[in-house]
Amino acid sequence: MEKRLILAIVLSFVVLFLYQALFVKNPPPPQPSEEATSPQKSPPQAPLTEPSAEKVQKEPQKKKETFEKITEENENQIVVDTALYRAVWSNKGAVLLSWKLKKHQDDEGENLQLVPNESEKLGKYPFSLRTEDESFNQLANNSLYQFSRHQIELTQDQSQKIRFLYSDSEGNQVEKIFTFHNGRYSLDIQLNVYKEGQKIHPHLVWGPGFGNRPPETKNQRFGGKIGAAVRSGNKVHRHQEKKFNPEKNTYNFVQWAAYEDNYFAALFLTSPQKSSATFLKQQENENNPHFFLSANYPQKAFIGPKKLETLNQFGYKANKLINFGFFGWIAEILLQAINKVHDSVPNWGFSIIILTFIIKLIFFPLTYSSTRSMAKMQELQPKIKALRSKYKKSKKDIAQRRKMNEEMMKLYKEHGVNPAGGCLPLLIQIPIFWGFFRMLVASVEFRDSPFILWIQDLSTKDPLYITPILMGASQFVQQKMTPTSADPTQQKMMLIMPVILTIFFMNFQSGLVLYWLTNNVLQIGQQYIMNKLRRKKKSQSNGKRRKK
């Protein structure tokens, strides 16, 4: 049974090691550029070369609409300033030039920019329009729109609108109305588009890409892949940029579509009865692809952190954006629990320690049962060895093996020992470990969260490797203190486990290492008390026998 336990634990860490290896080897992206704070002209928007998979939907009109020419003479920038973000829009194409989060910083300590730097280089910005008619795309995305205000500053619970409008005498009109709310990362979208007098429903585009991945530094994070997430029906379909599949990039009856990285997202809520979403790839050359997400019938947008509480407030099952993976329900419970702890202890590192202590208390009955069972198994080893010596041919003789097993089970029953009792409680705790791992990988709360001294980001590895070494040492001490029924050869083999775990934990998040280290320290204390009580009980039992 102990061999199986060792194998289960090793395989679990192999999976985790391979998982993190996939995420920390991303090539370094370009450095983020500074936001333009003064009005400047954005370059002309080039057409998407990727052919559209869906037809432009038209509503039948009895007669074509005609419009007077409405435009603006000069390009202007419109600033929207709220408590959570600062956004800059351009009236050229009515597109988004910048969206900086005030409560999240990049590696340079500046407010985090979610509009990709590639937008300026390519002349393609978020909130541009896409149809199958490239000439109409050029018109819609490069015309100078009339706009309702130059600046919005929101305080308290205020909400305000910006209206962009362009039309010409050919029956083309584009109206974009955005409503912003202070204290929310979401905005309302109203889109009214006419092409040659007929109302159409073009796609609203986000891209190229999402945000600006920082260069390779010592603060490498897990789960850094970027791509699209589309919720259609009750399922969320995910597409990574590096695994783009042109045959599976379009979905119908979409509730929402999002461009995301591990911690942040730009989500578009749509009308699921008639909407579609497409993940597009534009290849300028073999080494420089650009990706875009587009969706029609947009109603709302959410541009911000993938925080569970925030997404739950937004609604529409947007919390499914957070990819907790296997045992995700455990990770979600742990996240809610640690948030409660953090309300009282405003340090995520100490919150991890306290939550680990609480988990240890919850699992104490199982751990106690496991230790007792292993201790009893250790006491029975002489009798078990005698039985195996008695039935030396049991490996080849089925009758002898059956007889030996019967006597072994009888021995266990007489002494009240469950042979699986020492392993099952430990195996049950593996999902908790995996839930902790996924919680630390996917939760934006731990991004840039310091603990003490040299640990300034619990979502990255320990830069000095101090906690992994301490974890390995505590694992060794714990293993030496724990009763075992293994033979001397197996015991020596098990001493390799702390070395293997230390190597695995070198590149894991420091928050996860802190959890495992705390768990080991608590287990050592618990084991010390239990060993002391067991020796005392054994001494008392021997004393009574002598008196008799």
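In short, a report on the structure.

Calculation notes
Residues numbered from 1 in each chain as written. Predicted model: local features only at pLDDT ≥ 70, side-chain atom pairs only at ≥ 80, totals over all residues. Heavy atoms only, no water. Phe/Tyr/Trp six-rings, centres within 6.5 Å; stacked < 30°, edge-to-face > 60°. Helix = DSSP H or I, 4+ residues; strand = E, 2+ residues; numbered from the N terminus. Buried < 20%, exposed > 50% of the residue type's maximum accessible area, 1.4 Å probe, protein only. Core = buried A, V, L, I, M, F, W, Y, C linked by side-chain atoms within 4.5 Å. Contact = heavy atoms within 4.5 Å. Pairing = 2+ DSSP bridges.

All chains considered together, the criterion is met by 30 aromatic pairs. On the numbers, 6.0 Å between centres and 65 degrees between planes, the contact of Trp-89 with Phe-180 is edge-to-face. Residue Trp-89 is found in strand E2 (residues 85-90), and its partner Phe-180 is found in strand E9 (residues 173-181); the two are separated by 91 residues along the sequence. For Trp-89, a relative accessible area of 0% corresponds to the buried category. Measuring from centroid to centroid gives 5.4 Å for Trp-434 and Phe-437, while their planes differ by 40 degrees, and the two rings are tilted. Pair noted here: Trp-434 and Phe-437 are both in helix H10 (residues 430-442), with a separation of three residues, about one helical turn. Here the aromatic cluster, defined as three or more aromatic residues joined through ring pairs, consists of Trp-89, Phe-127, Phe-164, Phe-178, Phe-180, Trp-206, Phe-210, Phe-244, Tyr-259, Phe-268, Phe-279 and Phe-291.

Another point: unusual backbone geometry. Note that the residue after Gly-207, namely Pro-208, is joined by a cis bond; omega there is 10 degrees. The backbone of Phe-253 shows a phi angle near 55 degrees, a positive value even though the residue is not glycine. Among the structural elements, Phe-253 can be located in the loop between strand E15 (250-252) and strand E16 (254-260). Relative accessible area serves as the criterion here: at 55%, Phe-253 is assigned to the exposed category. Positive phi, close to 50 degrees, is recorded for Tyr-297, a residue that is not glycine. Following the sequence through the fold, Tyr-297 ends up in the loop between strand E19 (289-295) and strand E20 (298-305).

Further remarks concern the nonpolar core. In terms of nonpolar packing, the biggest core is built from 105 residues, with Trp-89, Trp-99, Phe-127, Phe-180, Trp-206 and Phe-436 touching the most fellow members. Looking at which element gives the most residues to this core, the answer is H10, with nine residues. Every residue in contact with Trp-99, bar those within four places of it in the chain, is listed here: Tyr-85, Arg-86, Ala-87, Trp-89, Leu-112, Gln-113, Leu-114, Val-115, Tyr-185, Leu-187 and Ile-303.

What follows concerns the pairing of strand E1 (residues 77-81). Buried residues dominate E1, accounting for four of its five residues. As paired elements, E1 and E2 share five bridges and run antiparallel to each other. Looking across to E2, one finds that Ile-78 is bridged to Trp-89. Here E1 hands over to E2 after three residues, the two strands then running antiparallel side by side. Relative to strand E7 (residues 151-153), E1 runs parallel, the two being bridged by three bridges. Within the sheet, the bridge partner assigned to Asp-81 lies in E7 and is Glu-153.

No statement about biological role is implied by the geometric values presented.
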